[in-house]
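Residue-level listing of the chains:
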Amino acid sequence: MPKGCRHLLRSWLAATSILFGAFSPALAADSAEPSAAALIEALVTRVPPIGGPFNLIDHTGRRRTDVDFHGKLVVIYFGYTHCPDVCPTELQTISLALDALGTAADPVQPLFITVDPERDTPSVLADYISSFHARLVALTGPAPQIRRVALAYKVFFAKSAVVGPDGYAIDHTSFIYLVGKDGRYIDFLPPGLTPERIIEALRLHLDRQSGP
Ligand code: NI
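Conventions and cut-offs
- Residues numbered from 1 in each chain as written.
- Predicted model: local features only at pLDDT ≥ 70, side-chain atom pairs only at ≥ 80, totals over all residues.
- Heavy atoms only, no water.
- Donors = N, O, S within 2.8 Å, 3.2 Å for Na, K, Ca; no water.
- Buried < 20%, exposed > 50% of the residue type's maximum accessible area, 1.4 Å probe, protein only.
- pLDDT = per-residue confidence, 0-100.
- Contact = heavy atoms within 4.5 Å.
- Core = buried A, V, L, I, M, F, W, Y, C linked by side-chain atoms within 4.5 Å.
- Helix = DSSP H or I, 4+ residues; strand = E, 2+ residues; numbered from the N terminus.
- Salt bridge = Lys/Arg side-chain N within 4 Å of Asp/Glu carboxyl O.
- Pairing = 2+ DSSP bridges.
- Axes fitted to C-alpha atoms, helices over the stretch in contact; angles between N-to-C directions.
- Expected span 1.5 Å × (residues − 1).
- Arc of directions from axis to C-beta.

Engineer: Describe the coordination of the nickel ion, naming the residues involved and giving the relevant values.
Structural biologist: Each pair of donors in an ideal octahedron of six around a metal sits at 90 or 180 degrees, and each pair in an ideal tetrahedron of four sits at 109.5 degrees. Those donors, Cys83 (SG), Cys87 (SG) and His172 (NE2), are the protein atoms that reach the nickel ion, and they lie 2.1 to 2.2 Å from it. The sequence pattern describing where the donors of the nickel ion fall on their chain is C-x3-C-x84-H. On the accessibility criterion, cysteine 83 (9% relative accessible area) is buried. By relative accessible area, which is 0% here, cysteine 87 ends up buried.

Take a look at the structure:
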């Protein structure tokens, strides 16, 4: 691996470990589940397959699958509505980027997939996403299906042992995923980007994906 890549890998790992302020070693030690480090490494080093089919319920209660979004450049973010800081920040950044793109963002479909299906019912999601981009679609579903799609995208999530005034927290990785019009995974973006950087990435892939 070239030196530059290793450095980037370290930054991503550092960026992610910052997100694990309330990380619980007891939960991480569960050997039945892949660790956060293993999932991040698999994502960053592009161990296939990444992404794939899903079958979930949207914020209006309608069943949605990945096929519904074929033909769009899909931007996926995994998180949960009780997240105090990172999730709203990332969703706000994605929303700002899409607003700034104007009609150029018409072929882009933003998706928010909850990793907290226990609390994030369709109506909770509908209320939550009204603060973000008008075309944002939020998805929930039975816990096993949420786990399957999260693992497909190499998303780590686990209930934290720390319980705050707002209930339990969930430790989770915060990458943004880009999926092409053909439904195939394209790339991920690290957390903490500015709207400008997201616009750049979207423009690049919109150009590449234009045409029949
Ligand atoms: Ni979050």
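Engineer: Please give an account of the confidence of the model for the chain that cites residues and values.
Structural biologist: Looking at the chain as a whole, its pLDDT mean stands at 88, while 84% of the residues score no less than 70. Here residues 1–11 scores under 50 on pLDDT; set against residues more than four positions off or in separate chains, the count is 4 contacts. Low confidence marks residues 18–30, where pLDDT is under 50. Its contacts with residues over four positions away, or in another chain, come to 20 contacts.

Engineer: Which residues make up the nonpolar core, and what values go with them?
Structural biologist: Within the largest apolar cluster, 59 residues are counted, with the highest numbers of intra-cluster contacts made by Ile76, Phe78, Phe112, Tyr153 and Tyr177. The element that contributes the greatest number of residues to this core is helix α4 (residues 86–101), accounting for 7 residues. Those residues in contact with tyrosine 153, other than ones at most four positions away along the chain, are Leu43, Ile50, Gly51, Gly52, Ile76, Phe78, Tyr177, Val179 and Tyr185.

Engineer: I'd like a description of the pattern of salt bridges, backed by residues and values.
Structural biologist: Per the counting criterion, the structure on display carries 7 salt bridges. Among the salt bridges present, the one from glutamate 33 reaches arginine 147, with a minimum N-O distance of 2.8 Å. Within this pair, whereas glutamate 33 is found in the loop between α2 (25–28) and α3 (36–44), its partner arginine 147 is found in helix α6 (residues 143–152), the two being separated by 114 residues in sequence. Looking at arginine 147, the relative accessible area reads 29%, which means it is partly exposed. Within this structure, Asp58, Arg64 and Asp68 form a network of salt bridges that share partners.

Engineer: Explain the sheet that holds strand β8 (residues 176–179) residue by residue, including any values.
Structural biologist: Paired through their backbone hydrogen bonds, the strands of a sheet run either parallel or antiparallel. What the 7 strands build is an open sheet, ordered β2-β1-β5-β4-β3-β8-β9; its pairing is mixed. A strand with exactly one partner marks an edge of an open sheet, and here the two such strands are β2 (63–65) and β9 (185–189). Between one strand and the next, the sheet's axes are offset by a mean angle of 35°, whatever the strand orientation. The pairing of strand β3 (residues 73–79) with β8 spans 4 bridges and is classified as antiparallel. Paired with tyrosine 77 across the bridge in β8 is isoleucine 176.

Engineer: Got a sec to walk through unusual backbone geometry? Specific residues and values, please.
Structural biologist: Across the junction of proline 48 and proline 49, the peptide omega takes the value -5°, indicating a cis bond. Note that proline 49 resides in the loop between α3 and β1 (55–58). We note that arginine 46 has phi near 60°; this positive angle belongs to a residue other than glycine. Here arginine 46 is to be found in the loop between α3 and β1. Judged by its relative accessible area of 43%, arginine 46 falls in the partly exposed class.

Engineer: Report on helix α7 (residues 195–209), specifying residues and quantitative values.
Structural biologist: If you check α7, its first and last C-alpha atoms are 21 Å apart, about what 15 residues at 1.5 Å a residue would give, namely 21 Å. Where α7 is concerned, the buried positions are Pro195, Ile198, Ile199, Ala201, Leu202, His205, Leu206 and Gln209. End-on, the buried residues of α7 take up no more than an arc of 165°, which puts them together on one face. Exposed side of α7, more than 90 degrees from the buried face: Glu196, Glu200, Asp207 and Arg208 are the residues found there. The secondary structure elements touched by the buried residues of α7 are β3, α4, β4 (108–114), β8 and β9.

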